[in-house]
2 protein chains.
Amino acid sequence: MYNKDLKVIDCTIRDGGLINKWQFSDETVKKVFTAVKESGIGYMEIGYRASEKMFSTKEFGPWRFSKDEKITEIVGENYDGDLKLGVMVDIGRVEADDFAPAENSPLSFVRVATYLKDVDKAIALANIVADKGYETFINIMAISTVSEHDLHNGLKQIEAETTVSAVSIVDSFGSLYPQDVKNLADIYKSGLSEKEFAIHAHNNQELGFANTIQAIESGAGYCDATIQGIGRGAGNCCLELLLGWLKNPNYSLEPILNSIQEVFPGLRDEIEWGALPAYMVTGILNEHPRTAIALRASENKDKVSDFYKQLTTPECLNS
Amino acid sequence: MYNKDLKVIDCTIRDGGLINKWQFSDETVKKVFTAVKESGIGYMEIGYRASEKMFSTKEFGPWRFSKDEKITEIVGENYDGDLKLGVMVDIGRVEADDFAPAENSPLSFVRVATYLKDVDKAIALANIVADKGYETFINIMAISTVSEHDLHNGLKQIEAETTVSAVSIVDSFGSLYPQDVKNLADIYKSGLSEKEFAIHAHNNQELGFANTIQAIESGAGYCDATIQGIGRGAGNCCLELLLGWLKNPNYSLEPILNSIQEVFPGLRDEIEWGALPAYMVTGILNEHPRTAIALRASENKDKVSDFYKQLTTPECLNS
């Protein structure tokens, strides 16, 4: 009834922070950390790590930087590490000096987010971080826009030149259908031999959970989820749905439901995410959700039919 | 890129009416009818038909009864029938006299909703209606609670004793996963030979669309959807998502997006549906959503963790 080797990575604060510039209260982060720890899933990506030289600490909250000291404030001085903590990094937005040797950090893992065209840079960054003792991953964003041939080559290169645990299918535009995930899983498996593949699904078409199921059934070793699917735009696969399906006796749904009851009504009042029609439109059109995010921030936020016409009229397409 | 033989049945007013006792304004029903007609999908279930002897016309709106005269008010006197119109009936809630001969009615089809245990009554009712000239269907509700053996026998009986076009998998509790749909599709195909199978999915676990995709990929001849997934509790498969996926050149997404823009913001203000955590809980537990509907109507509506504990404590289970 469950895939006991599958590893689930919670990204609630990291991906949710894309909506509110990582301005979560310490209380919220502590409650989410506690819920994820008690759920037993084992991995939590607590934020991005970025250089303070490149981003304003006034504009962005602490989980844009996820400094070791800040993490320790949340998890305590003598953290047992039962729940492995990690951060995401973007190429060019972090420097080697931003990472202490892993034995001096509460972090266990680092995930490098990249576009396929930048795979050489991603490999270099992953190797720098791996040399400091962290478990590493590479996440290939905007996967719905790459050619299968280029993807296969990029995966072969990652396989040969890194020590990452897994490479992730990232459906940035929320445009994949389960059949597409199955097809991509085959390409990932053909390009990778010792490394696993993973999935990070978006919910534009209410397929975040279904695509995650499909990836797991196709052999994914890792998958991402967030509580209530929180994440930029349409959001992600819901952790609670995934736990309900997995029926892994080592996982517990109750702590996640507790956090939904205690933390999420307040968050829902402050920030918006979910499978709204505007995000469905960009998903169907295989486009970045930025236009839909702008629509939702405007007074025309419910004018989804006008929005679709704008995106599909020839003048717009040719511009 | 599309399954050209698949038939899509819109149930927006019929299933949405379960939330508001079918108290839609004529203007809303006209707009939905026009949108569905222009979308080109070909089938619309406009309401239930029930006997006025059994239900109060004061309590229930017109689409609880869907009388021929009322339908004609919406579609016009000389309706061309391009969009086939149908109603759903429940066993014991309608009488033979409630149907005129089909040639005198704006209706083309009738769907009999039944529990598997009542399949003999469903067959009798379907045959009465078929004798009056209507295309008929049987929808087997609460499919997640029946034994495979009983189901196979029931399907064989429907195959032998009726002229229905299709028999539907109805995931009343929203508890099915795509693998379950695939398994049920195999059972339906093994029990039916000349008749097709169909799917009516619920969205408790954000799988309404994914399960519909799975059924179509498994060979379903008909599937149900509603605009914005409107329907009791968590609601249904979204028609707009389905059209985006099907890419059938005979179907048009724009009229549906128009109705989302014009009609649905108002409906969302009046009535609630969607994949809320309370409905996820009953879906995971394979239970009727009635307890979740009651929770959402109470002051504890967001206490999903308490709700889960109530439903899973031994005292509750043994009561």
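Scoring rules and cut-offs
- Residues numbered from 1 in each chain as written.
- Chains lettered and ligands numbered in written order.
- Predicted model: local features only at pLDDT ≥ 70, side-chain atom pairs only at ≥ 80, totals over all residues.
- Heavy atoms only, no water.
- Helix = DSSP H or I, 4+ residues; strand = E, 2+ residues; numbered from the N terminus.
- Buried < 20%, exposed > 50% of the residue type's maximum accessible area, 1.4 Å probe, protein only.
- Contact = heavy atoms within 4.5 Å.
- Lys, Arg positive; Asp, Glu negative; His and termini not counted.
- Charge placed at Lys NZ, Arg CZ, Asp CG, Glu CD.
- Least-squares fit on C-alpha atoms with pLDDT ≥ 70 in both.
- Salt bridge = Lys/Arg side-chain N within 4 Å of Asp/Glu carboxyl O.
- Buried area = accessible area lost by both parts, 1.4 Å probe.
- Phe/Tyr/Trp six-rings, centres within 6.5 Å; stacked < 30°, edge-to-face > 60°.
- Lys NZ or Arg CZ within 6 Å of the ring centre and 35° of its normal.
- Axes fitted to C-alpha atoms, helices over the stretch in contact; angles between N-to-C directions.
- Parallel < 35°, antiparallel > 145°, perpendicular 65-115°, else oblique.
- Left-handed = near helix turned anticlockwise from the far one by under 90°.
- Nonpolar A, V, L, I, M, F, W, Y, C, P; charged D, E, K, R; others polar.
- Pairing = 2+ DSSP bridges.
- 1 Å grid on protein atoms, 1.4 Å probe; cavity = no way out; pocket = protein on both sides within 12 Å on 5 of 7 lines; lining within 4 Å.
- Points joined across faces, edges and corners; volume = space filled by probe spheres on them.
- Right-handed = clockwise from strand over helix to strand, strands pointing away.

**A closer look at the overall build of chain A**
No. 1: When its secondary structure is counted, chain A shows 14 helices and eight strands.
No. 2: C-alpha atoms of chain A, sized along the principal axes, occupy 60 × 50 × 45 Å.
No. 3: Across the 319 residues that make up chain A, the buried fraction comes to 61%.
No. 4: Considering only contacts within chain A whose residues lie at least 6 apart along the sequence, 74% involve residues at least 24 apart.
No. 5: Put simply, chain A has 31 plus and 47 minus side-chain charges, and the middle of one group is 2 Å from the middle of the other.

**A look at the relation of the copies chain A and chain B**
No. 1: Overlaying chain A on chain B yields an RMSD of 0.0 Å, the required transformation being a rotation through 180 degrees with an accompanying axial translation of 0.0 Å. Taken together, these values place the two copies in the relation of a two-fold axis.
No. 2: Comparing interface residues between copies, 100% of those in chain A also sit at the interface in chain B, which points to an isologous, same-surface contact.

**Brief notes about the environment of Pro255 of chain B**
No. 1: Looking at where Pro255 of chain B falls in the secondary structure, it is placed in helix H9 (residues 254-262).
No. 2: Contacts of Pro255 of chain B, omitting those with residues within four sequence positions, involve Ala35, Glu38 and Ser39 of chain B.

**Quick look at the pattern of salt bridges**
All names here are of chain A.
No. 1: Using the criterion set out here, one finds 39 salt bridges over all chains in the structure.
No. 2: Among the ionic pairs, Asp68 bridges to Arg49, the shortest N-O distance being 2.7 Å. Linking Asp68 in helix H3 (residues 68-75) with Arg49 in the loop between strand S2 (42-48) and H3, this pair joins segments that are 19 residues apart in sequence.
No. 3: Classification of Arg49 by relative accessible area gives buried; the value is 3%.
No. 4: Among the salt bridges present, the one from Glu52 reaches Lys67, with a minimum N-O distance of 3.5 Å.

**Let's talk about the interface of chain A and chain B**
No. 1: Across the boundary between the two partners, chain A contributes 37 residues, which contact 37 residues of chain B.
No. 2: Summing the contributions of chain A and of chain B, the shared interface buries around 3,100 Å²; its carbon and sulfur component is 64%.
No. 3: Together, Glu206, Leu257 and Gln261 of chain A form the three largest contributors to the area buried by chain A at its contact with chain B, with a combined 19%.
No. 4: Along the contact surface separating chain A from chain B lie zero salt bridges.

**Quick word on helix H3 (residues 68-75) of chain B**
Residue and element names in this part refer to chain B.
No. 1: Across the eight residues that make up H3, a large majority, six, are buried.
No. 2: For H3, the complete set of buried residues consists of Asp68, Lys70, Ile71, Thr72, Ile74 and Val75.
No. 3: Those residues of H3 hidden inside the fold are in contact with helix H2 (26-39), strand S2 (42-48) and strand S3 (84-90).
No. 4: Immediately downstream of H3, the backbone of Gly76 shows phi near 95 degrees, a positive value.

**Some points on the packing of aromatic side chains**
No. 1: Applying the stated rule across the entire model yields 26 aromatic pairs over all chains.
No. 2: Measuring from centroid to centroid gives 6.3 Å for Tyr177 of chain A and Phe209 of chain B, while their planes differ by 85 degrees, and the two rings are edge-to-face. In this pair, Tyr177 of chain A sits in the loop between strand S6 (166-170) and helix H6 (178-191) while Phe209 of chain B sits in helix H7 (residues 208-217), so the two residues belong to two different chains. By the burial criterion, Tyr177 of chain A is buried, and Phe209 of chain B matches it.
No. 3: Seen in terms of ring centroids, Phe264 of chain A and Trp273 of chain A are 6.2 Å apart; in terms of plane orientation they differ by 75 degrees. Their pairing is edge-to-face.
No. 4: The exposure class assigned to Phe264 of chain A is buried, which follows from its relative accessible area of 1%.
No. 5: An aromatic cluster of at least three residues, connected via ring pairs, comprises Trp22, Tyr48, Phe55 and Phe60 of chain A.
No. 6: The ring of Phe60 of chain A carries Lys21 of chain A above its face, with NZ or CZ at 5.7 Å from the centroid.
No. 7: If you follow Arg64 of chain B out to its NZ or CZ, it ends over the ring of Phe55 of chain B, 4.2 Å from the centre.

**Description of the packing of H2 of chain B against H3 of chain B**
Residues and elements named next belong to chain B.
No. 1: Where H2 meets H3, the axes come as close as 9 Å, and the angle between the chain directions of the two elements is 70 degrees. Relative to H3, the element H2 lies roughly perpendicular. In the crossing of H2 with H3, the sense of the turn from one axis to the other is right-handed. Across the interface between the two elements, Asp26, Val29, Lys30 and Phe33 from H2 touch Lys70, Glu73, Ile74 and Val75 from H3.
No. 2: Taken together, the residues that form the contact of H2 with H3 break down as four nonpolar, no polar and four charged.

**What about the sheet that holds S2 of chain B?**
Residue and element names in this part refer to chain B.
No. 1: Spatial strand order, S1-S2-S3-S4-S5-S6-S7-S8: eight strands in a closed barrel with parallel pairing. Between one strand and the next, the sheet's axes are offset by a mean angle of 25 degrees, whatever the strand orientation.
No. 2: Bridge count between strand S1 (residues 7-10) and S2: three bridges; the pairing is parallel. When the bridges of S2 are listed, Val8 appears paired with Gly42.
No. 3: Lying on the sheet, H2 is in contact with S1, S2 and S3; it crosses S2 at an angle near 160 degrees.
No. 4: Against the sheet, H7 makes contact with strand S7 (196-200) and strand S8 (222-225), and its axis sits at roughly 170 degrees relative to S7, the strand it touches most.

**Side note on the packing of helix H11 (residues 277-284) of chain B against helix H13 (residues 304-312) of chain B**
Residues and elements named next belong to chain B.
No. 1: Contact geometry for H11 and H13: axes closest at 9 Å, N-to-C directions at 20 degrees. Here H11 lies roughly parallel to H13, going by the angle between them. Here the hand of the crossing between H11 and H13 comes out right-handed. Contacts from Pro277, Ala278, Val281 and Thr282 in H11 reach Val304, Phe307, Tyr308 and Leu311 in H13.
No. 2: Residues of the contact of H11 with H13, tallied by class, amount to seven nonpolar, one polar and no charged.

**Looking at the layout of surface pockets**
In this approach the atoms are scanned with a rolling probe the size of a water molecule, which exposes any empty space left behind.
All names here are of chain B.
No. 1: A volume near 770 Å³ is recorded for the second largest pocket.
No. 2: As for the second largest pocket, its lining consists of 32 residues, of which Leu18, Tyr48, Asp90, Met141 and Arg232 are closest to the centre.
No. 3: Here the lining of the second largest pocket gets three residues from one element, more than from any other, and that element is helix H1 (residues 12-20).
No. 4: Split into classes, the residues belonging to the lining of the second largest pocket amount to 14 nonpolar, nine polar and nine charged.

**Describing the pairing of strand S3 (residues 84-90) of chain A**
Residues and elements named next belong to chain A.
No. 1: Among the seven residues of S3, six are classified as buried, and the element is accordingly described as predominantly covered.
No. 2: In terms of strand pairing, S2 meets S3 through five bridges, oriented parallel. The residue bridging Gly47 from the neighbouring strand is Val87, located in S3.
No. 3: A crossover links S2 with its parallel partner S3, the connecting element being H3, and its sense is right-handed.
No. 4: Here five bridges tie S3 to strand S4 (residues 109-114), and the two strands are oriented parallel to one another. By the bridge assignment for S4, Met88 is matched with Arg111.

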